[in-house]
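# Results of the structural survey
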Amino acid sequence: MTGLRERKKQQTYDALSEAAIALFLERGFDEVSVTDIAAAADVSKPTLFKYFPTKQDLVLHRIADHRHESARVVTASAVPPVRALREHFLAGLVARDPITGLNDHPQVLAYYRLVFTTPALTTRLHQFMDDDESALADALGGDLVGELLAAQVVSVQRVLSRRNWAAIDAGQRAGDRYLDAVTEAETAFDGLPLG
């Protein structure tokens, strides 16, 4: 069970991020200052920076629960790594996990539009992906073969997610996109070495 102090910290963390994202969606990432965010959340700038070291982290913490996810999937699975990752991605499509790009909820679409159209956020997202790739490479043995396979897997996941998001952002419903998303995922994962 989580203690009161931890729950309060999490509430502050969530409130800061929600206030920031609302401002970014309303006015644009570059038009909102850290001072604006602190004022909207009724905290000081030092308090804000205690929770989020950068302005970009205020947005990208929403994907933090997915950090090193592929490495965790590989480590926890008894099946070969590529098969485990394929099954995990396909399960994400079924669940309409936003990380797969197959989610048409208006808030999810607005969030990803913000991330993909803001250079500072896209750069930070690529840093997250590089970190995930390194963690996956370690889970795959940490050698050249592991590094190459990790790079291929992360690229496949990124391309599939972006294709799904782009189709939905262009107006396609998640349910209508689902079968194409599954077919594309199966084709992409079939093209990877077994690992």
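Right above here is the structure, for reference.
Model, not experiment: these values are computed from the prediction.

## A closer look at the overall build of the protein chain
Per the secondary structure count, the protein chain includes ten helices and zero strands. When the helices and strands of the protein chain are placed in sequence order, the string is α-α-α-α-α-α-α-α-α-α. In terms of C-alpha radius of gyration, the protein chain reaches 18 Å, essentially the compact-globule figure of 16 Å for 195 residues. Overall size of the protein chain, expressed as C-alpha extent along the three principal axes, is 50 × 40 × 35 Å. The long-range fraction of contacts in the protein chain, counting pairs at least 24 apart against all pairs at least 6 apart in sequence, stands at 68%.

## Some details on the packing of helix H6 (residues 81–95) against helix H10 (residues 174–190)
Two elements in contact, H6 and H10, have axes separated by 10 Å at closest approach and are oriented at 170 degrees. Judged by the inter-axis angle, H6 sits roughly antiparallel to H10. Contacts from Val 82, Leu 85, Arg 86, Phe 89, Leu 90, Leu 93 and Val 94 in H6 reach Tyr 178, Ala 181, Val 182, Ala 185, Glu 186, Phe 189 and Asp 190 in H10.

## Quick notes on the environment of Gly 142
Along the chain, the position of Gly 142 falls in the loop between helix H8 (119–139) and helix H9 (144–169). Exposure remark for Gly 142: the relative accessible area of 37% places this residue in the partly exposed category. Non-local contacts of Gly 142, meaning those with residues more than four positions away in its chain, are made with Ala 137 and Glu 147.

Reading the values: the criteria
- Residues numbered from 1 in each chain as written.
- Predicted model: local features only at pLDDT ≥ 70, side-chain atom pairs only at ≥ 80, totals over all residues.
- Heavy atoms only, no water.
- Helix = DSSP H or I, 4+ residues; strand = E, 2+ residues; numbered from the N terminus.
- Rg over C-alpha atoms; globule rule 2.2 N^0.38 Å.
- Contact = heavy atoms within 4.5 Å.
- Axes fitted to C-alpha atoms, helices over the stretch in contact; angles between N-to-C directions.
- Parallel < 35°, antiparallel > 145°, perpendicular 65-115°, else oblique.
- Buried < 20%, exposed > 50% of the residue type's maximum accessible area, 1.4 Å probe, protein only.

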